[in-house]
Each structure stands twice: as structure tokens, then as C-alpha cells.
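Single-letter residue listing:
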Amino acid sequence: MLEISGISKTFFPQTVNEVKALRQVDLRIEEGSFTAIIGTNGSGKSTLLNAIAGTFIPDDGIIRVDGKNITEWSEYKRAQLIGRVFQNPFAGTAADMSIAENIVMAMRRGQSRPLTRAVTQKAKSEIADRVRMLNMGLEDRLDNAIGTLSGGQRQALTLLMATWLKPKLLLLDEHTAALDPKSAAKVAELTKQIIESERLTAMMVTHSMQQAVDLPDRIVMMHRGQIVEDYQKENKKRVRIPDLLDTFDRVQKRELFDETVAALLTEQYF
Amino acid sequence: MELIAIKKGKILHVQAVGRLDASWSDYFTDTFLGYIRNGDHQLVINAAEIHFLSSAGIRSLVRIHKELMKLKGRLQIINANEFVISTLQMTGFGMWLTTSVIQADDESSHEIDKAEKLPENCYALPVTKPMTLKKNENWVPWKKIDPEHITHLHFPSGTFGLGIGSPVSTEAFENLLFGDYLAVCGNVVYQRPEEKSKPDYLLKLENFVPDLYAIQSLYAEGEMSHLLRFTPNEDGTPVRLSGLVKQTFSVISASQIVFVILAEIDGLVGAHLIQSPTKIEESELPTGLKMRDWLSFSGERIHAKEQALVVGIASNSFNINDSTSNQSPSSMSGLSLHAHTAVFPYQPLQNGQINLEEQVQKFLNGPPPKALLHLIEDNRPGNGLGESSFIRGAIWFAPVKPEEAKQ
Ligand SMILES: Nc1ncnc2c1ncn2[C@@H]1O[C@H](COP(=O)(O)OP(=O)(O)OP(=O)(O)O)[C@@H](O)[C@H]1O
Ligand SMILES: [Mg+2]
């Protein structure tokens with residue numbers, strides 16, 4: 001489905017602030033799979049999603065969707081294929097518009113027809129049906145401004161909107177991180193439910209080891225702009241939180257293993 | 001409950017003030033286990049001000065007593081009041097009560113020739129079979145391995161060794177998993193070359209003699225000639241490995257020794273194989289940073305408060321890894337040293353003269369080892385981790401002549 005080969009991205013190249021955010025990343029995502037991306041702060045998780053969504057064009061490498069090379073496509077053009085949910089529950093929706101109006105906007109994503117705010121009765125009952133799925137009682141509040149909802153409710157709606165048109169690929173960047181634990185658990189559960197029922201292909205950045213173990217069917221670990229671990233299939237089923245922590249530990253140890261350690265061991269390991 | 005400890009000769013007197021009941025028994029037990037860990041195995045409790053003793057308190061005393069029994073130590077209770085005396089007698093623990101403290105037996109009641117003038121805490125052991133050493137140094141680090149250079153080693157009692165080996169040889173050569181090992185008194189601890197693996201071990205049983213296929217080995221056979229007991233330095237600092245080994249060279253005149261250490265760890269610095277050297281390709285020899293794929297480095301001082309079982313070879317006058325060169329050791333300590341350590345959960349050691357084989361059996365028959373490391377002296381300027389160090393323990397050692405010819 002998604003095929004990333006050798007993509008690299010360096011911010012502020014050739015300056016003191018140079019950051020190699022992605023280094024020659026290869027990744028294949030199968031149709032209908034759900035992948036968690038974990039890794040330390042600054043390891044390049046968001047940059048990877050941004051590269052896929054087209055926020056920037058990578059310095060190097062190719063991105064294909066269903067065999068089509070989309071590397072040079074604009075972010076706008078890719079939006080027809082890709083749904084996104086970010087960490088901030090206040091991004092992605094317009095606070096002063098009603099729930100129904102926000103959803104209608106989302107339904108028209110990627111279409112060039114002029115926007116009208118009008119929501120037909122037919123559309124409204126379809127919207128109510130889908131919103132009922134969230135089990136948050138929001139179907140009775142479709143005319144309320146989104147700004148009046150809690151963070152968890154907004155994030156659940158954002159998720160619903162991002163998946164409304166069955167995107168080829170759903171990108172979630174720590175979309176539960178800003179919520180209180182109870183709402184986070186609820187949104188995480190909804191995420192799994194929607195991805196499964198709509199048979200979506202999804203990638204989810206998370207800092208929650210629990211989510212990484214519970215929700216997806218694959219876990220990719222990033223470190224310093226590279227994929228350092230990839231748990232799939234049986235390996236994913238077997239993996240537990242302590243294993244992930246061990247792996248983090250090992251990755252960090254490897255990091256400490258610099259030239260000076262290599263020289264030391266060359267001399268003393270025999 | 002307040003505990004005040006004063007050392008009088010070999011005995012630690014602890015004055016206990018307050019109630020020894022459920023709310024204090026954990027504190028009481030932990031404090032006493034701490035004394036034991038510090039090497040105090042002769043304990044006298046001055047119970048004059050223990051006003052109350054409950055069954056939780058008795059359980060605590062029993063726990064301490066059991067620990068001391070294992071270490072041939074002794075628990076005595078003096079000045080107990082009527083209530084405490086009757087409680088202890090009723091519950092069958094009257095034997096702890098005493099009116100006059102029994103002095104410690106001389107722990108060093110061994111038949112050695114004191115004329116040898118050994119330092120305190122050092123014991124000469126009877127030797128009928130002097131230590132000999134064989135080396136298989138066919139492996140040149142990080143070169144492709146020649147399958148012809150594997151040595152099949154057997155480890156009956158009275159053998160010691162360390163190196164890189166595999167417990168099996170039946171697989172195709174490339175699939176053999178060679179990892180770091182150590183052998184002591186006929187027992188082998190081996191670590192599979194994987195990052196996360198816990199060590200495996202082969203124990204000497206009645207008719208079973210552990211064996212190993214080694215690509216690199218230091219193999220010693222014979223008896224240890226000396227035992228040295230050590231505790232933290234006078235200023236309370238831990239004992240560094242090189243310092244300990246240097247002490248042994250001051251006891252015996254030798255240019256090379258074989259040693260075994262059992263000690264509480266202050267911190268270990270080391271590395272172990274995470275990929276079998278059988279996988280080394282001529283076309284891609286592990287050098288520089290590529291070493292990461294072959295070795296895991298501890299990266300910090302690790303395994304504090306656990307127990308080390310170290311087997312090593314050291315020389316104070318030549319490089320033990322290169323018998324062809326006459327160069328003196330280049331390390332900061334002036335020693336050339338090759339040592340492997342197995343790490344076990346902590347168990348206290350009895351004071352005084354102890355038997356190597358018995359102690360080793362005790363550890364190998366207890367909870368399994370947690371790790372195995374090739375010790376490294378991290379002398380990198382600035383951020384070096386230094387060398388491995390220990391709190392207290394025992395080192396057995398013997399002189400060994402440099403081998404004349406290889407194999
Ligand atoms: N637009 C940008 N301009 C400059 N540097 C950037 C930009 N985006 C990311 N970076 C840098 O690239 C590196 C990777 O950042 P990224 O946001 O992908 O990390 P992350 O894995 O998502 O971390 P976190 O868990 O903290 O969100 C970081 O050092 C970051 O500072
Ligand atoms: Mg991020």
C-alpha cells in the first residue's frame with residue numbers, strides 16, 4: 001500500500017543547528033494494517049508522518065502509494081488519500097462552527113466545490129447515525145458549537161471526521177497525548193474500533209507503551225531518524241511493555257557505544 | 001525502636017531500645033541484615049531496654065539467627081528482662097539468652113605455617129597439585145575464525161578457565177553460538193551471544209563433566225595456593241580489581257597468577273559478545289563502530305550490591321594476551337589482566353577462611369546467574385567509567401608459570 005524507500009530529511013542543513021531528522025528510512029505498510037510508531041523525543045516520528053502527508057518534500061527518497069510515486073505531490077493533493085489527527089484537540093476543527101458544519105466540511109475534503117455551510121436534513125441524519133457510534137451522546141448536540149465540547153469529545157469527532165471518507169491512509173500523531181487518562185483510553189478504544197470496522201490502513205505515533213502493545217498489529221521503533229526495531233506478526237503478539245523498555249534501553253546503550261568505546265574494546269576485548 | 005551498635009573486638013553489640021513488635025520488626029530485621037552484610041556475624045543484642053517482644057519480633061530474631069547460622073555466626077541476647085526471657089523460653093528460643101557473652105571462635109583456626117608471615121586475612125592453603133595453565137590463542141580478535149582452531153575442553157573439578165566457547169559442536173560451523181564463558185571448580189557459566197540472554201550453566205554432577213568447544217581459552221588446572229579476604233579500604237572506598245590483584249602479587253612471588261573472586265559488587269564495567277564470532281566474514285571484519293554489532297558494552301557501572309564470581313589471569317610483568325611479545329603491560333595499573341565475571345543475586349559470605357569449592361557450589365545451586373561479562377578497564381580520559389570494584393569478599397589465587405609452547 002504505502003512504500004517508503006530511502007527517505008531523508010535534514011533541517012537547517014550545513015548550519016550549527018543541523019538536524020538529521022530522517023536518515024534513509026525504508027518502510028512498507030500493508031493494506032489494512034495498523035502500525036504504531038514509538039521512539040524517544042526528537043527521534044523523527046512526526047517528521048516521518050509529515051513526510052508521508054507532504055508537509056515537506058524529502059531531501060532524498062521515494063514515497064509510493066499503491067505503486068504511484070507521490071513524492072512530489074503537494075500536501076493538498078495528498079489530502080484526498082490521507083486523513084490526519086494531531087495531538088491538539090483544538091486543531092483540525094473550527095471552534096465556532098457546529099458539529100454538523102465541521103463534519104460537512106470534512107466530507108468535502110479534497111473537493112473543489114465552493115464551500116457552503118448549509119447542512120441538509122438528509123446529511124444531518126446520516127451524520128447523527130455515525131456520531132452515535134462514538135457513544136458520547138453527541139448525536140443530540142449536532143447544532144452545538146464544537147468549542148463547547150471537552151477535549152476528548154473533540155478528539156473523538158476529529159477522528160470520525162478524518163475517517164469519514166475512508167482515507168487510504170490514516171495518520172495519527174499522539175492524538176491522545178493531550179487528553180486526561182480516561183478520555184485518552186476512550187479515544188484509543190474508538191481508534192481501534194473505527195480502524196477495524198472501516199478496514200483502514202493506519203499509522204499512529206504514540207508515547208504510550210500500553211497503546212502500542214494493545215491497539216495495533218505492528219510496532220515500529222524509531223531512534224535518531226532511523227527505524228531501529230520493527231515488531232510484526234508473531235513478534236508483535238508476543239511483545240510486552242518490559243520488552244519495549246528493554247529495547248529502548250538497548251538502543252540507547254548502542255548510542256553510547258561511540259568511537260571511543262569501540263577503540264577501548266578493540267584494545268581490551270580479546 | 002532505637003538500635004545503637006558498638007563493635008567490641010570481633011563482636012558487634014547492639015543496644016535495642018523500645019518495643020520489638022510488628023510495627024518495628026521489619027526495621028529491626030533490615031538493620032540486622034545490614035550488619036551481617038557488613039561482615040558482622042557475631043552479634044550480641046543488649047535487651048535491657050526491650051520492653052515488649054511480640055511474635056513478629058520473634059520471627060525477626062529467627063530470620064537473623066538463620067542467616068547467621070549459614071555464615072557460622074552467632075546471635076546472643078543479654079540483659080533481657082523477665083518478660084523477654086519468659087517469652088523466648090516459652091517459644092523455644094531460650095538458647096539465645098546468655099549472662100556472659102561467648103567470645104567468637106577464632107575464625108582462622110587453620111593449620112597453616114604462620115612462619116610464612118602472611119598479611120592479616122590471608123591464608124596459605126595446602127597445595128598438592130600446583131596450578132598449570134594452557135592457552136588456546138588461535139583466535140586473533142575480529143579475524144575470520146578457522147574451524148580447525150576449535151579446542152574441545154573438559155572441566156573436571158580442579159579446573160578453571162575463561163574464554164569464548166560453545167557448549168555444542170553439532171551444528172554447522174556458521175551456526176555455532178560462541179559466547180563468553182568462565183569455568184570454576186568444574187562448573188561452566190556460558191552466555192549465549194545475544195544482547196538479552198541470561199547465562200546458562202553446566203554444573204558438575206556425579207559422573208558428568210562439563211565440556212565446551214572453545215575458540216579462545218585460558219585453561220588452568222590445579223589448586224589455589226592462597227586465600228585473601230578483603231573489606232572496603234580504610235577510608236570506606238570499595239576495592240578496585242587491579243588493587244586487589246596487586247595485593248596478591250605482594251603475597252606471593254610470581255609473574256603470573258590465576259584467581260577466583262567471590263565478592264559483593266560495587267560496580268562492574270565490561271562487555272560481552274552479542275553475535276557469534278563464527279559469523280565474521282573476511283570481507284567485512286568488525287572494526288571501529290561496526291563492533292557495536294558484536295559486543296555490548298555496559299555503558300555504566302552495573303550490578304552494584306549483587307555478587308560477582310570472577311575468574312581471571314593476571315601478570316605484573318608481561319602481556320598475557322601476547323606471549324610472543326616481551327612488552328610489559330600497558331594498562332594504567334601496570335597489570336595485564338583477563339577476567340570474566342558471572343553475576344549472581346547477593347548472598348553473604350562467611351568470614352574467615354572459607355572453601356572455594358563449597359562457596360562456588362552454594363552460588364551455583366542458588367538462584368541463577370544474571371549476567372556474564374568480560375571485564376574492561378575503561379580508561380577513556382574524561383568520561384571513562386574506570387574499572388570494576390568490589391565491596392567485600394574473597395580472592396583465591398595461585399602462581400602459574402607462563403606456558404612454554406602454545407597448545
Ligand atoms: N520543521 C522543523 N524545523 C526544524 N527542525 C525540525 C522540524 N521538525 C522537526 N525538527 C527536528 O527534527 C527532529 C525530529 O523531530 P520530530 O518532531 O520528528 O520528533 P518526534 O519523534 O516526533 O519527537 P516527539 O516525541 O518529541 O514528538 C528533532 O530534532 C526536531 O527538533
Ligand atoms: Mg512528534
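Remember, predicted model here, so these are calculated numbers, not experimental data.

K.L.:
Just to check I follow, could you spell out the overall build of chain A for this structure?
P.N.:
Counting secondary structure elements, chain A contains 10 helices and 10 strands. Compactness check: chain A gives a C-alpha radius of gyration of 21 Å against a globular reference of 18 Å for 270 residues, within 12% of the reference. With respect to the three principal axes, the spread of C-alpha positions in chain A is 80 × 40 × 35 Å. Here the analysis covers contacts within chain A between residues at least 6 apart in sequence; of these, 67% occur between residues at least 24 apart. For chain A, the accessible area works out to roughly 13000 Å², and carbon and sulfur atoms hold 50% of it. Side chains of chain A carry 36 positive and 35 negative charges; the gap between the two charge centres is 5 Å.

K.L.:
What exactly am I supposed to notice about a negative patch on the surface here?
P.N.:
A grouping of E174, E281, E282 and E284 of chain B is seen on the molecular surface, where their side chains present a negatively charged patch. Mapped onto the elements, E174 of chain B comes out in the loop between β8 (159-166) and β9 (179-184).

K.L.:
Would you explain the site of ligand 1 in this entry?
P.N.:
All names here are of chain A. Close to ligand 1 lie 14 residues, the nearest being G42, K45, S46, T47 and H207. When ligand 1 sits alone it has 630 Å² of accessible area, and the protein chains cover 64% of it. Elements with a minimum of two residues in the shell around ligand 1: β2 (19-29) and α1 (45-53). Considering each element in turn, the shell around ligand 1 owes the most residues, 3 residues, to α1. Within the shell around ligand 1, the residues separate by chemical class into 4 nonpolar, 8 polar and 2 charged.

K.L.:
Help me understand the pattern of salt bridges, please; the structure alone is not making it clear to me.
P.N.:
Should their charged atoms come close, side chains of opposite charge can pair. Going through the model one piece at a time under the given rule, you end up with 23 salt bridges over all chains. Where R132 of chain A meets D129 of chain A, a salt bridge forms, and the shortest distance between an N and an O atom there is 3.1 Å. A residue pair is termed a helical-turn pair when its members lie 3 or 4 positions apart in one helix, as R132 of chain A and D129 of chain A do in helix α4 (residues 121-132) at 3 residues. Two residues, D266 of chain B and R301 of chain B, come together in a salt bridge whose shortest N-O distance is 3.6 Å. Highlighted residues: D266 of chain B in strand β15 (residues 256-267) and R301 of chain B in the loop between β17 (295-297) and β18 (307-315), separated in sequence by 35 residues. Exposure remark for D266 of chain B: the relative accessible area of 27% places this residue in the partly exposed category. Members of the salt-bridge network, linked through shared partners, are E31, D66 and K168 of chain A.

K.L.:
In this structure, what is going on with the domain arrangement of chain B? I would like to understand it.
P.N.:
The parts lose accessible area when they come together, and the size of an interface is often stated as this lost area. Residue and element names in this part refer to chain B. One can read the domain layout of chain B as domain 1 (2-96) and domain 2 (132-405). Relative to domain 2, the C-alpha centre of domain 1 lies at a distance of 40 Å. Taken together, the contacts link 9 residues of domain 1 with 8 residues of domain 2. Carbon and sulfur atoms supply 41% of the area that domain 1 and domain 2 bury against each other, a total of about 790 Å² over both sides. Contact with domain 2 buries area across many residues of domain 1, yet R37, H41 and L71 alone supply 64% of it, more than any other trio. In this structure, the connection of domain 1 to domain 2 is made through 1 salt bridge. Between E264 and R37 there is a salt bridge, and its shortest N-O distance comes to 3.0 Å. The interface formed by domain 1 and domain 2 includes 6 residue pairs in polar contact (both at pLDDT 80 or more). Mapped by element, the contributors of at least two residues to the side of domain 1 that touches domain 2 are α1 (22-37) and α2 (55-70). For the side of domain 1 that touches domain 2, the class distribution of residues is 2 nonpolar, 3 polar and 4 charged.

K.L.:
How should the sheet that holds strand β10 (residues 226-232) of chain A be read in this particular structure?
P.N.:
Strands in a sheet are paired, the pairing made by backbone hydrogen bonds, and the direction either parallel or antiparallel. Residue and element names in this part refer to chain A. Pairing is mixed across the open sheet formed by 6 strands, whose spatial order is β6-β7-β8-β3-β9-β10. Looking along the sheet, the strands with just one partner apiece sit at the ends: β6 (82-85) and β10. Each adjacent strand pair in this sheet contributes to an overall mean axis angle of 20 degrees, direction not counted. Bridge count between strand β3 (residues 34-39) and strand β8 (residues 202-205): 4 bridges; the pairing is parallel.

K.L.:
I keep staring at the packing of aromatic side chains and nothing clicks. Help me out?
P.N.:
Both the distance between ring centres and the angle between the ring planes are used here to describe each pair of aromatic rings. Residue and element names in this part refer to chain B. Applying the stated criterion to the full structure yields 12 aromatic pairs over all chains. On the basis of an interplanar angle of 15 degrees and a centroid distance of 5.5 Å, the ring pair of F52 and F83 is categorised as stacked. Of this pair, F52 sits in strand β3 (residues 42-53) while F83 sits in helix α3 (residues 82-90), and the two are 31 residues apart along the sequence. In this structure F52 comes out as partly exposed when scored by relative accessible area, which is 26%. Take F83: its relative accessible area is 35%, and that puts it in the partly exposed class. Ring centres 6.3 Å apart and planes at 65 degrees place the aromatic pair W142 and W294 in the edge-to-face group.

What counts, and at which threshold
- Residues numbered from 1 in each chain as written.
- Chains lettered and ligands numbered in written order.
- Predicted model: local features only at pLDDT ≥ 70, side-chain atom pairs only at ≥ 80, totals over all residues.
- Heavy atoms only, no water.
- Helix = DSSP H or I, 4+ residues; strand = E, 2+ residues; numbered from the N terminus.
- Rg over C-alpha atoms; globule rule 2.2 N^0.38 Å.
- Contact = heavy atoms within 4.5 Å.
- Areas by Shrake-Rupley, 256 points an atom, 1.4 Å probe, with all protein chains shown as cover.
- Lys, Arg positive; Asp, Glu negative; His and termini not counted.
- Charge placed at Lys NZ, Arg CZ, Asp CG, Glu CD.
- Patch = residues over 30% accessible without salt bridge, like charges linked within 9 Å, V, L, I, M, F, W, Y side chains within 5 Å.
- Salt bridge = Lys/Arg side-chain N within 4 Å of Asp/Glu carboxyl O.
- Near = heavy atom within 4 Å.
- Nonpolar A, V, L, I, M, F, W, Y, C, P; charged D, E, K, R; others polar.
- Buried < 20%, exposed > 50% of the residue type's maximum accessible area, 1.4 Å probe, protein only.
- Domains from an automatic or database assignment.
- Buried area = accessible area lost by both parts, 1.4 Å probe.
- Polar contact = N/O pair within 3.5 Å; in protein donor to acceptor, adjacent residues only side chain to side chain.
- Pairing = 2+ DSSP bridges.
- Axes fitted to C-alpha atoms, helices over the stretch in contact; angles between N-to-C directions.
- Phe/Tyr/Trp six-rings, centres within 6.5 Å; stacked < 30°, edge-to-face > 60°.

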